[in-house]
Amino acid sequence: QTYTGNILIAVNPFQRLPHLYNDHMMEMYKGAEFGELSPHPFAMADRAYRLMMNYGISQAILVSGESGAGKTESTKMLMQYLAFMGGKVESGGRSVQQQVLESNPVLEAFGNAKTVRNNNSSRFGKFVELQFDQNGKISGAAIRTYLLERSRVCQISDPERNYHCFYMLCAAPPE
Ligand SMILES: Nc1ncnc2c1ncn2[C@@H]1O[C@H](COP(=O)(O)OP(=O)(O)OP(=O)(O)O)[C@@H](O)[C@H]1O
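Rules used throughout
Residues numbered from 1 in each chain as written. Predicted model: local features only at pLDDT ≥ 70, side-chain atom pairs only at ≥ 80, totals over all residues. Heavy atoms only, no water. UniProt positions renumbered as here; feature names shortened; annotations may be inferred. Axes fitted to C-alpha atoms, helices over the stretch in contact; angles between N-to-C directions. Helix = DSSP H or I, 4+ residues; strand = E, 2+ residues; numbered from the N terminus. Parallel < 35°, antiparallel > 145°, perpendicular 65-115°, else oblique. Left-handed = near helix turned anticlockwise from the far one by under 90°. Contact = heavy atoms within 4.5 Å. Nonpolar A, V, L, I, M, F, W, Y, C, P; charged D, E, K, R; others polar. pLDDT = per-residue confidence, 0-100. Near = heavy atom within 4 Å. Polar contact = N/O pair within 3.5 Å; in protein donor to acceptor, adjacent residues only side chain to side chain. Phe/Tyr/Trp six-rings, centres within 6.5 Å; stacked < 30°, edge-to-face > 60°. Buried < 20%, exposed > 50% of the residue type's maximum accessible area, 1.4 Å probe, protein only. Lys NZ or Arg CZ within 6 Å of the ring centre and 35° of its normal. Salt bridge = Lys/Arg side-chain N within 4 Å of Asp/Glu carboxyl O.

The protein chain is annotated in an unreviewed UniProt entry as Myosin motor domain-containing protein from Aegilops tauschii subsp. strangulata. Under the heading Sequence similarities (unreviewed entry), UniProt records this for the protein chain: "Belongs to the TRAFAC class myosin-kinesin ATPase superfamily. Myosin family."

Structural data, given as structure tokens:
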């Protein structure tokens, strides 16, 4: 058994709103009282981070909704905020938080496709685990994927498309 915490209802704006998701906004939500500022994925991530730090208990955020609702985009914002809070300054080499954020385009290339409902539909389930050390810095990460829609590789109905990676290969420069 488990309790569920607060629920954030995201409304898909169907347009880029960069001013809502920049560093300045992350600074605003950092340490702000939950409910003080407008509902935001950063508020959810900040709350989970603080509960983890204060009580030392693992936290989970379930992102749910129908296709095209905004799960993938919301998850990226949650990861962006947790990477911001748990980021370590590393000398040389790529940091864990950088690798975690950079894994998104790769996973989307192989697992996302255009469907009638969503131009960038994830055709697989994803469990993202971020591990933090005592100081609240990201120490490791694991991403598990589930149930990729494999039939799409050889069978697509117009106007849907195959996985992005195939079009990327065709569009790549000769070298
Ligand atoms: N917060 C947002 N800001 C801007 N655009 C958004 C946002 N959320 C969703 N969108 C737009 O809606 C599209 C669909 O969202 P997203 O891919 O996150 O849906 P999903 O719930 O993951 O769908 P699926 O189950 O098909 O993978 C995105 O490609 C983007 O264009």
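The discussion continues.
Now for the packing of helix α2 (residues 41-55) against helix α3 (residues 71-86). Where α2 contacts α3, the axes come no closer than 9 Å and their chain directions differ by 45 degrees. Relative to α3, α2 is oriented oblique. Seen along the crossing, α2 lies across α3 with a hand that is right-handed. Taken together, the residues of α3 that come into contact with α2 (itself represented by Pro41, Phe42, Met44, Ala45, Asp46 and Tyr49) are Met77, Leu78, Gln80, Tyr81, Leu82 and Met85. Here the contact of α2 with α3 is built from residues that sort into ten nonpolar, one polar and one charged.

Mean pLDDT for the protein chain: 94, with 99% of residues reaching 70 or above. When mean pLDDT is compared element by element in the protein chain, strand β1 (residues 112-113) scores highest at 98, while helix α4 (residues 96-111) scores lowest at 91. If you check the scores for this complex, the pTM reads 0.94 and the ipTM reads 0.99.

Close to the ligand lie 17 residues; Ser67, Lys71, Thr72, Ser121 and Ser122 are nearest. Lys71 places a polar main-chain atom, nitrogen or oxygen, 2.8 Å from an oxygen atom of the ligand. Mapped by element, the contributors of at least two residues to the shell around the ligand are α3 and β2 (121-122). For the shell around the ligand, the element with the most residues is α3, which contributes four residues. Here the residues of the shell around the ligand are counted per class, giving four nonpolar, ten polar and three charged.

Attention now moves to the packing of aromatic side chains. Per the stated rule, a full pass over the model turns up five aromatic pairs. Ring geometry for Tyr29 and Phe42: centres 6.4 Å apart, planes at 75 degrees, overall edge-to-face. Of this pair, Tyr29 sits in helix α1 (residues 23-29) while Phe42 is found in helix α2, placing the two residues 13 residues apart along the sequence. Each member of the pair, Tyr29 together with Phe42, is buried. Positioned above the aromatic ring of Tyr167, the side-chain terminus of Arg161 is 3.8 Å from the ring centre.

A separate point is the UniProt feature "binding site: ATP" (unreviewed entry) in the protein chain. The positions UniProt marks with the feature "binding site: ATP" (unreviewed entry) are Gly65, Glu66, Ser67, Gly68, Ala69, Gly70, Lys71 and Thr72. Within the element layout of this structure, Gly70 appears in the loop between α2 and α3.

Attention now moves to the pattern of salt bridges. According to the stated counting rule, one finds eight salt bridges in the structure shown. Here Arg152 ties to Glu149 by a salt bridge, and the two come within 2.5 Å at their closest N and O atoms. On the basis of relative accessibility, which here comes to 5%, the residue Arg152 falls in the buried class. Where salt bridges share partners, they join Arg16, Glu73, Lys76 and Glu108 into one cluster.

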